[in-house]
Structures are given as structure tokens and as C-alpha cells.
Amino acid sequence: MSDAVVFSIPDKSLSYPDFIYLDTNSVAEIGLDRKYKNQVMTFMIDATQNDTIFVYSSHMIEELQHTIHIDILQKEMQKQGFKPNKNINKPALKQFEDVVNVGPKTLAVFNDLVNILKSSTANTLYELEEAPPEELRPIIDTYISAGIAPKDAKHSAIMNYHGLNNILTLDKGFTKVPDINIYAPNPGLTNTSFVGSKPNTYTTIMQQIKTT
Amino acid sequence: MNNTLARLSKLKDERNKILQSTSKEQRVKSMESLLNNLDEYGKKNYPFLLDNWKGEDK
């Protein structure tokens, strides 16, 4: 079992793998107009020129929906000048969610995004088949036991289930995942001790457990 | 392990199909189109950076 390896992007001298899994924040970086979108876009084009296929999961789509929902709630709460009841032991956003319905707006904005992703998938993105929950659960739990946050553990489990170990992400949490290769543009990752030049080879979760 | 290898093999078949049925230029053009659409979507819906989901240094 080896530590994660981080590759700084974009970098034309990289050796591009056959597949790279898209973490939610890599899509959000572009679709939600964030700081490193140009670096992510350049990398995705460079990788496509080198015959990499990007893959994603339904878990990524669900996370995008949650992100959009929270963002709309926050904007609407600010717009309406909502004052939370300090006598209720509940975060302001949750209190606001109890009294408003932003669902239709969430769905409209989310569906627009999904339509963009789905309409372009023919030869650019590939959606992974769903893993049976009974097979995925033990893998997720193994990653959670190793200290990986549950949502990241699910992404890691989906990748491991499909035989993949390359991810495009901006999330430092993935450096806890053994035998993974991380492609990232942000200093939070590219300034870590995990930066390397030789990618890890894929190992199954069972191999990872045996060598722990 | 055998099941994982079978799944990966299926994925590789799908990749080969894509690579054989489209030219590199077509794939790059599709990717550029997807990214431009995402970029336009972002500018329309998110004209400022979110506070609740910072891409950097989570």
C-alpha cells in the first residue's frame, strides 16, 4: 500500500491515464464559476488530446444538487433578510429551510447543469454503472475506518469498485486514500508532501487491507 | 479481484469504442463545447464565488 500521489495541473509533460474520475468539485469549479476553472478546463482538454476518458458517478450528480440547493438557500436567506430564532437550537439555514421552499428553483438550476453534462457525454464523459449497494457499502466503510470523510469515502469506493485510481479533485481529503493518483490545480494539494512524479498502480481494497 | 478486473475490462472496451468511433479532433471539440457550456452556465448562475463551497484548501 502506498501514499496518494498528487500531480499539479495543468502540465503538458504529464503522463495521462486512460481514465480519470471527476470529483464533484472539479465540475463545480467550472459550472459554479470558481477560482481554478481555467486550470481545470485546460487540463481536461489536454487530457482529452491524450485519449483520457473522464468518468463520473451518480454520487457526483447528487453532490452537485446538494451544493446548488445550499447555495440557493443561502442567497434567498440573505435576500429576504431572514433572522433566525436564537432560542431554537438549529442552524440558521436549517430554520430558513423549514419556512421556505426553494425546491423548484434548485431543480431548475440543477436540471440545466445535468442537461449540459448529459448532452455532451457521447464522446467526452462516461457515466459509470451503479455499484450494488451491498457490494459498495463494505468498501465505503473500510475507507471511513481509515479516516476518510464519508462523502469522499463513497467516491473512493466507487472508483475502487470499478478498478480506477485516478481522480481530478481540489479536495485535500483524498490524500488519505491509499494508492490513489490525484490531479489538482490548487496549492492546498500541490504544495503537500504527496506531490510526486510516478503514479501509483491500482490495488483493490482487499489488497490495501492485507498490506496495512 | 476478478470481478473488478472484469468491470475495468468492460470500461476499457467502452473507451476503445469511443476512441475508434471518433477522431481526436472530434473528442477535443466535444470537450471544448462541454466546458464552454459549463462556463456559460457558471457565469449565468454564479456570478460570484460561493462561500459555502470553496474549491481551494478544503
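Details of the structure are given in the entry above.
Values in this document were obtained by computation on a predicted structure and should not be read as measured data.

**Q** Just checking my understanding: could you explain the interface of chain A and chain B for this structure?
**A** In many reports, interface size means the accessible area that the parts give up when they come together. At the interface, 59 residues of chain A touch 40 residues of chain B. Between chain A and chain B lies a buried interface of about 4600 Å² when both sides are counted; carbon and sulfur atoms form 63% of it. In this assembly, chain A and chain B are joined by six salt bridges. A salt bridge links K37 of chain A to D39 of chain B, with the nearest nitrogen and oxygen atoms 2.6 Å apart. Those elements that place two or more of their residues in the side of chain A that touches chain B are α1 (24-31), α2 (37-49), β3 (53-56), α3 (58-80), α5 (103-119), β4 (125-127), α7 (150-162) and α8 (187-190) of chain A. Along the lines of polarity and charge, the residues of the side of chain A that touches chain B split into 27 nonpolar, 17 polar and 15 charged.

**Q** Would you explain α1 of chain A in this entry?
**A** One turn of the α-helix equals 3.6 residues, which is why residues spaced by three or four share an orientation. All names here are of chain A. When you tally the buried positions in α1, you get eight out of eight residues, the bulk of the element. Taken together, the buried positions of α1 are T24, N25, S26, V27, A28, E29, I30 and G31. Just beyond α1, the residue with positive phi is D33, at close to 55°.

**Q** How should I be thinking about the environment of L35 of chain B in this particular structure?
**A** By the element assignment, L35 of chain B lies in helix α2 (residues 24-45). Owing to a relative accessible area of 0%, L35 of chain B belongs among the buried residues under this scheme. With near-sequence residues (within four places) excluded, L35 of chain B lies in contact with I30, M41, M44 and I45 of chain A.

**Q** Can you help me understand the packing of α7 of chain A against helix α1 (residues 2-21) of chain B in this one?
**A** Two numbers describe a pair of packed helices, the interaxial angle and the distance between the axes. Orientation of α7 of chain A relative to α1 of chain B, taken along the N-to-C sense of each, is 85°, at an axis distance of 7 Å. As judged from the angle between their axes, α7 of chain A and α1 of chain B are roughly perpendicular. Residues N160, Y161 and H162 of chain A of α7 of chain A touch α1 of chain B, and the partners they reach there are T4, R7, L8 and L11 of chain B. A class-by-class count of the residues in the contact of α7 of chain A with α1 of chain B yields three nonpolar, three polar and one charged.

**Q** What should I look at first to understand the nonpolar core in this one?
**A** Side chains that are nonpolar tend, in soluble globular proteins, to be buried together. In terms of nonpolar packing, the biggest core is built from 46 residues, with F43, M44, F54 and L168 of chain A touching the most fellow members. Ranked by the residues each element gives to this core, the list is headed by α3 of chain A, at eight residues. The contacts of F54 of chain A, once residues within four sequence positions are left out, are I20, L22, F43, M44, A47, T48, T124, L125, Y126 and L168 of chain A together with M31 of chain B. Within the second largest apolar cluster, 31 residues are counted, among which are V55, L128, I158 and M159 of chain A.

About the thresholds
The written sequence of each chain sets the order in which its residues are numbered from 1. Going through the entries in the order they are written, you letter the chains from A and number the ligands from 1. Residue-level local features of this predicted model are given only where pLDDT is at least 70; pairs of side-chain atoms are given and counted only at 80 or more, and the full residue set underlies all totals for whole chains, interfaces and linings. Only hydrogens and water are set aside when side-chain values are computed; all heavy atoms of the structure are taken into account. Only heavy atoms matter for contacts: two residues are in contact if any of them lie within 4.5 Å across the pair. Buried area: the accessible surface (1.4 Å probe) lost by two parts on joining, summed over both. What makes a salt bridge here is a side-chain nitrogen of Lys or Arg within 4 Å of a carboxyl oxygen of Asp or Glu, nothing more. In DSSP terms, a helix is any run of H or I states spanning at least four residues, a strand is any run of E spanning at least two, and both are numbered starting from the N terminus. Three residue categories are used. Nonpolar comprises Ala, Val, Leu, Ile, Met, Phe, Trp, Tyr, Cys and Pro, charged comprises Asp, Glu, Lys and Arg, and polar comprises the others, including Gly. Each residue gets one of three labels from its accessible area relative to the maximum for its type: buried under 20%, exposed over 50%, partly exposed in between, using a 1.4 Å probe on protein chains only. Under this scheme, a helix contributes an axis fitted over its contacting stretch, all axes are lines through C-alpha atoms, and angles between N-to-C directions fall in the 0 to 180 degree range. Angular relationships are summarised with four words: roughly parallel below 35 degrees, roughly antiparallel beyond 145, roughly perpendicular across 65 to 115, and oblique for the angles in between. Nonpolar cores are built from buried Ala, Val, Leu, Ile, Met, Phe, Trp, Tyr and Cys residues. Side-chain atoms within 4.5 Å join them into one set.

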